[in-house]
Amino acid sequence: MECQANNTGNTHIVLEERQKVIKRAANQKILVPDILSLMPAWPSHYHPKIDYVNSQIDEWLKTVRVSEDKKAKHRRRGNYALLAGVYYPYCEKEKMLVLTQFLYWIFFWDDEIDTGGELSEDRKETLQCCAETNKCIDDCLGLNESYTPPQNSRGTVEMLYPILKDLRAGLGPLATERLRSELHDYVKGASNQQQVRQRDHLPDPWDHFQMRTDDVGVIPSITQNEYAMAFELPDSVRRHEAMETIVQECNKLTILINEVLSLQKEFQVLQLENLVILFMNNYDLSVQEAVNKILDLIQEHYEICTKAETRLPWSKSDEKLNDDIREYVRGCHRLVTGTASWSYRCERYFKNSQVNSKQKVLLDLSFQ
C-alpha cells in the first residue's frame with residue numbers, strides 16, 4: 001500500500017498497520033494548549049546576546065563542511081542561538097557561542113540518520129558514522145586528548161572536534177567524564193531509533209518512550225550547564241537518588257514536550273515513531289485523545305520532579321555547594337521549559353502563524 005508525502009517528493013511504501021494509522025490521523029487539526037502552563041513554577045528567560053551570537057554563528061557556519069542547503073535550512077528554521085539562549089540565559093556570551101555550535105552539531109548530525117536524512121536507509125554507513133563520532137568523543141573527552149580530526153572525516157564529525165575542545169576547557173574532570181559517557185549514549189540511542197524505524201511494525205509506545213529516555217540527547221545539555229555557569233557538581237550529589245530523579249524526570253518531560261510539538265513535522269514525512277501516533281495505534285485513540293494522554297503524563301512527571309526536589313542532599317556548612325545544587329536543578333528545569341519556549345518561537349516544527357497569542361498551537365496533519 002502506498003502513501004505519498006508531497007514535501008519529500010518520494011513515494012513511501014508502508015505496511016497495513018502504518019497505512020491505517022496514517023489514514024486515521026491525516027488532515028486532522030489538533031489544538032495544543034500552552035504546555036508551559038503545565039509547569040507554572042518553572043519560568044523561562046532569554047539571554048540578552050542572542051542576536052550577537054547569531055551574527056557570530058553566521059560567520060562560523062561558513063567554515064563548517066556541511067551542505068549549504070542544510071546550513072540554510074537549519075539557520076532559517078532552527079535558530080539554535082535562541083535555543084541556547086533559553087537553555088543558558090545567564091552564561092558569558094563566548095560560552096553561549098560554543099553551546100550554540102554544539103546544538104547546530106547535534107541537529108546536523110541527527111538529521112543525517114533521521115527519516116529523510118542522507119543515511120536514513122543506509123545502515124552500514126550509519127554504523128560507520130556512529131563509529132567515527134564515538135572516536136571523536138573519546139579523542140576529545142577521553143584520557144588521551146587529541147583534537148585533530150582524522151583525514152577525510154565527514155563534515156559532521158570534523159566540526160565536533162573544536163566544539164568538544166572548547167567544552168572540555170571549561171569543564172572539570174568529573175563533568176568531562178559524564179559528558180563523554182552521555183554523548184556515547186546519545187549516539188547509540190540515535191542508531192537504535194533508526195533501527196526501530198526500519199522495522200515492519202510500529203513499536204509499543206512505552207518501549208519507544210523508554211528508548212528515548214535511555215538514549216536521548218537531553219542529558220548532555222544538562223551537563224553543559226556546568227560549563228555555562230562555571231561549576232562542577234560532586235559525583236556524590238549528581239548521583240544522589242533525588243538528583244537522578246530530577247535529571248531523569250526533566251529528560252522525560254523534554255521528550256514528552258518534543259513528541260507533541262514535533263508531531264506535525266514528523267507525520268508529514270511519515271515518521272510514525274512518535275508517541276502521539278503510537279498511543280493512537282496501541283490504544284485505538286483519536287489524535288486529540290493521544291495528545292491529551294501525553295499532556296497528562298507531563299503533569300505527572302512534573303509532580304514527580306518537584307517532589308524529588310524536597311529530598312536533595314543540602315549541605316549544612318557549604319553554601320557554595322548549595323548554590324551549585326540550585327543552579328544545576330534550575331538548569332534541568334530550563335531544558336524542559338526552554339524546549340517548549342524555543343519550539344513556539346522558531347519554525348522547525350510548525351509555522352509561527354500556527355501559534356496564537358495565548359501560546360496555543362494548531363497542529364495540521366495534512367500533507368502539504
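The text that follows walks through the structure, step by step, so that each part is easy to find. Note that the structure is predicted; figures quoted are calculated from it, not measured.

Here is what the cut-offs are and how they apply
- Each chain has its residues counted from 1, following the order in which its sequence is written.
- In keeping with the predicted nature of the model, local features appear solely for residues at pLDDT of at least 70, side-chain atom pairs appear and are counted solely at 80 or more, and the whole-chain, interface and lining totals rest on all residues.
- Side-chain numbers here rest on the full set of heavy atoms in the structure, without hydrogens or water.
- Segments assigned H or I by DSSP are reported as helices when at least four residues long, segments assigned E as strands when at least two residues long, and all are numbered from the N terminus.
- Here a polar contact is taken to be a pair of N or O atoms separated by no more than 3.5 Å, where protein atoms must pair a possible hydrogen donor with a possible acceptor and residues adjacent in sequence count only if both atoms sit in side chains.
- By definition in these notes, contact holds between two residues if any of their heavy atoms fall within 4.5 Å.
- Exposure is judged per residue with a 1.4 Å probe applied to protein chains only, and the accessible area is read against the type maximum: over 50% gives exposed, under 20% gives buried, and values in between give partly exposed.
- Our arc is simply the arc of the directions from the helix axis toward the C-beta atoms.
- Stacked, edge-to-face and tilted labels apply to pairs of Phe, Tyr and Trp rings (six-membered ring for Trp) whose centres lie within 6.5 Å, assigned for plane angles under 30 degrees, over 60, and everything in between, in that order.
- As a reminder, the over-ring test applies to NZ of lysine and CZ of arginine, requiring each to be within 6 Å of the ring centre and within 35 degrees of the ring normal.
- Each salt bridge in this description consists of a side-chain nitrogen of Lys or Arg and a carboxyl oxygen of Asp or Glu lying within 4 Å of one another.

Here the focus is unusual backbone geometry. A positive phi angle, near 60°, is found at A230, a position not held by glycine. Positionally, A230 belongs in the loop between α11 (218-228) and α12 (235-238). Its identity is not glycine, yet D284 carries a phi of approximately 55°, on the positive side. Tracing the backbone shows D284 in the loop between α15 (275-283) and α16 (287-308).

Relative to the helices and strands, H47 is located in the loop between β3 (29-32) and α2 (50-61). A polar atom in the side chain of H47 sits 3.0 Å from the backbone nitrogen of K49. H47 has contacts with G85, Y88, P89, Y90, C91, E92, K93 and M96, leaving out every residue within four places of it along the chain.

Bringing helix α8 (residues 160-169) into the picture now. Residues of α8 that are buried: L160, Y161, I163, L164, L167 and R168. Each buried residue of α8 sits inside an arc of 165° when the element is viewed along its axis, so together they form one side.

A few words on the packing of aromatic side chains. Applying the stated criterion across every chain yields a total of 16 aromatic pairs. Their ring planes at 20° and their centres at 5.3 Å tell us that F267 and F367 sit as a pair that is stacked. On the criterion of sequence distance, the pair formed by F267 in helix α14 (residues 263-268) and F367 in the segment after β4 (361-364) is long-range, its members being 100 residues apart. What makes F267 buried here is its relative accessible area of 1%. Taken together, the aromatic side chains of W60, Y80, Y104, F107, F108, W342 and Y349 make up a single cluster linked through ring pairs. For K293, the ring lying beneath its charged end belongs to F279, and the centroid distance is 5.3 Å.

Within the secondary structure, L295 is located in helix α16. Judged by relative accessible area, which is 9%, L295 ranks as buried. When the C-alpha atoms of L295 and V260 are compared, they prove to be 8.6 Å apart, with 35 residues separating the residues in sequence. Excluding residues within four positions of it along the chain, L295 makes contact with P33, I35 and L38.

Glancing now at the pattern of salt bridges. Applying the stated criterion to the full structure yields 27 salt bridges. One salt bridge in this structure joins K62 and E59, with 3.2 Å as the shortest N-O distance. Classification of K62 as exposed rests on a relative accessible area of 61%. In this structure, R154 and E132 form a salt bridge, with 2.9 Å as the shortest nitrogen-oxygen distance. Of this pair, R154 sits in the loop between α6 (123-141) and α7 (155-158) while E132 is found in helix α6, placing the two residues 22 residues apart along the sequence. Assessed through its relative accessible area of 16%, R154 is described here as buried. Within this structure, K73, D111 and R348 form a network of salt bridges that share partners.

These figures come from the coordinates and say nothing about function on their own.
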